[in-house]
Amino acid sequence: MGAIEIMSESSLERMRLVCQLAADTLLMVGDQIRPGITTDDINTLVHDYTLANDAIPSPLNYKGYPKSVCTSVNEVVCHGIPGNRTLQDGDIVNVDVTSYLPKRDGFHGDTSATFYVGEPSDEAKHVVEVSRRCIELGIAEVSPGKRLGDIGAAIQEHAEAQGCSVVRDYVGHGIGREFHMAPQVPHYGKRGTGKRLKAGMVFTIEPMINVGHYECRVLGDDWTVVTADGSWSAQFEHTIVVTAGGCEVLTARKALLKNSEDKSWAQLGPLACPAAE
Ligand code: MF3
Ligand code: CO
Ligand code: CO
């Protein structure tokens, strides 16, 4: 991957629109998550809502991906393909929405959250809440002059202090006119290393946090990524722009997510990024 784009203000206006559509889609899905629905039901909700808003689901046909959203249940780390699996009480499911607004300049917005299906076990709650805190800590590192390694280090330090591990094989990414662009954004690393952040850079932060070891494998469908040890995994994702004063969470939500213990600033906005706690 090459140079990191600095987005113009007019491009950022388009990014805000598509990122808010992706965020609204996630809020809509959260209202519907309950034991008894299938991951295909989630796919239909996302697909129909996206088209009704004059947008296109970015995953559909992306490198041959067959569905409109990723639904990753329990030990599935990412890229779970919706199907006839029925969600059970106690499951956790990450729903990863990427929307593309083709009008005028086309831009992508990418966001995900992990939802509780019914009542979570203590272990499920732990990995979900650690991953929620990891994305907050990662976002809190974002301001001009900081480095990509600062983001990864903040996430890794928290995950490992809480007895979890950070997936290495999949990383955050630049996003805009393309679904995946430069830079790669690892969720592990060392402070003071990696590319320096500049105002106008747009990328995702999307830590995948495992209860057990970070190692992953890909199933025979060539998409579904699972933990090698079968331990459960959780993830949250936001699309972010670096601003003069810090960052703006483009996919910040206007309301609390249902079925997810959602009570932090990263979900609510305001869009200006507060200092790290
Ligand atoms: N939304 C995922 C990400 O955060 C990518 C999914 S690719 C797909 O980067 F083809 F599986 F949709
Ligand atoms: Co995503
Ligand atoms: Co992404």
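Provided above is the structure to which this section pertains.
A few words on the coordination of the cobalt ion (ligand 3). The cobalt ion (ligand 3) binds to the protein through Asp110 (OD), His173 (NE2), Glu206 (OE) and Glu237 (OE), with metal-donor distances spanning 2.0 to 2.2 Å. Coordination at the cobalt ion (ligand 3) is irregular: its six donor atoms span angles of 51 to 161° at the metal. For the cobalt ion (ligand 3), the donor residues sit on a single chain with the sequence spacing D-x62-H-x32-E-x30-E. Metal-to-metal, the separation of the cobalt ion (ligand 3) and the cobalt ion (ligand 2) is 3.3 Å; Asp110 coordinates the two. Residue Asp110 is located in strand E5 (residues 107-116), and its partner Glu237 is located in the loop between strand E13 (233-235) and strand E14 (238-243); the two are separated by 127 residues in the primary sequence. Judged by relative accessible area, Glu237 falls into the buried class, the value being 0%.

Within the protein, Asp96 (OD), Asp96 (OD), Asp110 (OD) and Glu237 (OE) serve as the donor atoms for the cobalt ion (ligand 2), at 2.1 to 2.4 Å. Each of the six donor atoms around the cobalt ion (ligand 2) contributes to a set of angles spanning 58 to 166°, which defines the coordination as irregular. Linear spacing of the donor residues for the cobalt ion (ligand 2) on their chain is D-x13-D-x126-E.

This paragraph deals with helix H4 (residues 148-161). Compared with an ideal rise of 1.5 Å per residue, which puts 14 residues at 20 Å, H4 spans 20 Å between its outermost C-alpha atoms and is within 8% of the ideal. Taken residue by residue, H4 has Leu148, Gly149, Asp150, Ile151, Gly152, Ala153, Ala154, Ile155, Gln156, His158 and Ala159 as its buried positions. Against helix H3 (122-140), strand E6 (165-166), strand E8 (181-185), strand E9 (202-205) and strand E10 (208-210) lie the buried residues of H4. A positive phi of about 80° marks Gly163, the residue just after H4.

Calculation criteria
- Starting from 1, residues in each chain are numbered consecutively following that chain's sequence as written.
- Labels are handed out in written order, letters beginning with A for the chains and numbers beginning with 1 for the ligands.
- Reporting of local features is limited, given that this is a predicted model, to residues whose pLDDT is at least 70; pairs of side-chain atoms are given and counted only at 80 or more, and all residues count toward the totals for whole chains, interfaces and linings.
- Here the side-chain values reflect all heavy atoms present in the structure, with hydrogen atoms and water set aside.
- In this analysis a donor is any N, O or S atom within 2.8 Å of a metal ion (3.2 Å for sodium, potassium and calcium), and since water is not included, sites may seem incomplete.
- Angle rules define the geometry names used: all angles between 85 and 135 degrees makes four donors tetrahedral, while opposite donors over 155 degrees apart and all other angles between 65 and 115 make four donors square planar and six octahedral, leaving every other case irregular.
- Runs of E in the DSSP output that reach at least two residues are strands. Runs of H or I that reach at least four are helices, and both are numbered from the N terminus.
- Three exposure classes are used, based on accessible area relative to the maximum for each residue type with a 1.4 Å probe and protein chains only: buried under 20%, partly exposed in between, and exposed over 50%.
- What a helix should span is 1.5 Å times the count of its residues minus one.
- A contact between two residues is defined here by any heavy atoms of the two lying within 4.5 Å.

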